[in-house]
Amino acid sequence: MSRRLTPYPPGHSAIDFSAAFAAALQRGDDACVARRTHPVVAVLCDLSVWRPWSTEARALIDAPERARVDRLRDAADREERALAYALHRFLLGAWLREAPVEVPLYRDEAGRPRLSGMHARVCTSLSHPRGFAAFAISDAGSVGIDLEPVAHAGAMEEIARLATHADERDELAHLDDAGRADALLAIWVRKEAYLKAEGVGLQRPPSTFAAPAGVPLPATDVAAGLEVRMLDAGAGHKAAIALPVGSDVQVVWWWPPASP
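So, how was this worked out
- Residues numbered from 1 in each chain as written.
- Predicted model: local features only at pLDDT ≥ 70, side-chain atom pairs only at ≥ 80, totals over all residues.
- Heavy atoms only, no water.
- Core = buried A, V, L, I, M, F, W, Y, C linked by side-chain atoms within 4.5 Å.
- Buried < 20%, exposed > 50% of the residue type's maximum accessible area, 1.4 Å probe, protein only.
- Helix = DSSP H or I, 4+ residues; strand = E, 2+ residues; numbered from the N terminus.
- Contact = heavy atoms within 4.5 Å.
- 1 Å grid on protein atoms, 1.4 Å probe; cavity = no way out; pocket = protein on both sides within 12 Å on 5 of 7 lines; lining within 4 Å.
- Points joined across faces, edges and corners; volume = space filled by probe spheres on them.
- Nonpolar A, V, L, I, M, F, W, Y, C, P; charged D, E, K, R; others polar.
- pLDDT = per-residue confidence, 0-100.

A. Representation of the nonpolar core within the structure. Judged by nonpolar contacts, the single largest core of 31 residues is most densely connected at V43, C45, F135 and W254. When residues in this core are grouped by element, the largest group, eleven residues, is from helix 4 (residues 75-96). In contact with F135, not counting residues within four places along its chain, are V41, A42, V43, C45, A84, L87, H88, L91, S125, L126 and I145. Counting residues in hydrophobic clusters, the runner-up holds 17 residues, among them F132, A136, L243 and V249.

B. Looking closely at the layout of surface pockets. Each pocket or cavity is described by its volume, and for the largest pocket that value is around 320 Å³. Of all elements in the fold, only helix 4, strand 5 (123-127) and helix 7 (177-198) reach the threshold of two or more residues within the lining of the largest pocket. It is helix 7 that contributes the most residues to the lining of the largest pocket, three residues altogether. Classifying every residue of the lining of the largest pocket gives seven nonpolar, five polar and six charged.

C. Structural view of the confidence of the model for the protein chain. Residues with a pLDDT of 70 or more make up 83% of the protein chain, whose mean pLDDT is 82. This stretch, residues 1-18, has a pLDDT under 50; its non-local contacts, to residues over four places away or in other chains, come to 62 contacts.

D. Highlighting unusual backbone geometry. For R97, which is not glycine, the phi dihedral falls at a positive 65°. Assignment of secondary structure puts R97 in the loop between helix 4 and strand 3 (105-107). Exposure remark for R97: the relative accessible area of 37% places this residue in the partly exposed category.

Encoded structure:
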């Protein structure tokens, strides 16, 4: 079941990620991330409500992340990407019990976010469509997450044959136009999530495999024991997570603290 997640201890008013994290540690609880009763957590954010934290966010990300941000041409995109990267670090810091700037986060050759050193066993993934972000953290094994606005459903027909397996096309053939567009977007987010968990991205053509929800998927050279599930992301988005078969996952929307 989804619930709202309070990132700061009650009554904390400073708009400073590092101070908030320190306060959470001092309290000795996980006020800034889902309590560790689940091996996998999926966190969804509306980035528009985090804009007052833009300056603090940029200070939390490292040089490679800032370089990726600065390559974006649009100022609003740069602001959102910096927020997404900073929130990702903040969540990982809470999960690992480390300061966000100390999280050993890097990108591998395929562009997948990875953790190094003593935290290498923890897996993570992120998705950042315009205006929103989604994060996944897992102690159970490989994980991938994808979030897409439902407004994209109308454009999915253009890439339907590239995105769907023959078995999926047979199922889509029985749907009306609206149902087909909705189903295509659901297929797309499941496959994006799965390919992120595999760590290969679109190097593996989406048309070469089917990704039904809640079904163990065949092992590959780089992944085994994964399934994909749809997440409740509200009326405006579709979301999916790929995770180890049978894993318990908690889904939360993350909001900033109330104004003092």
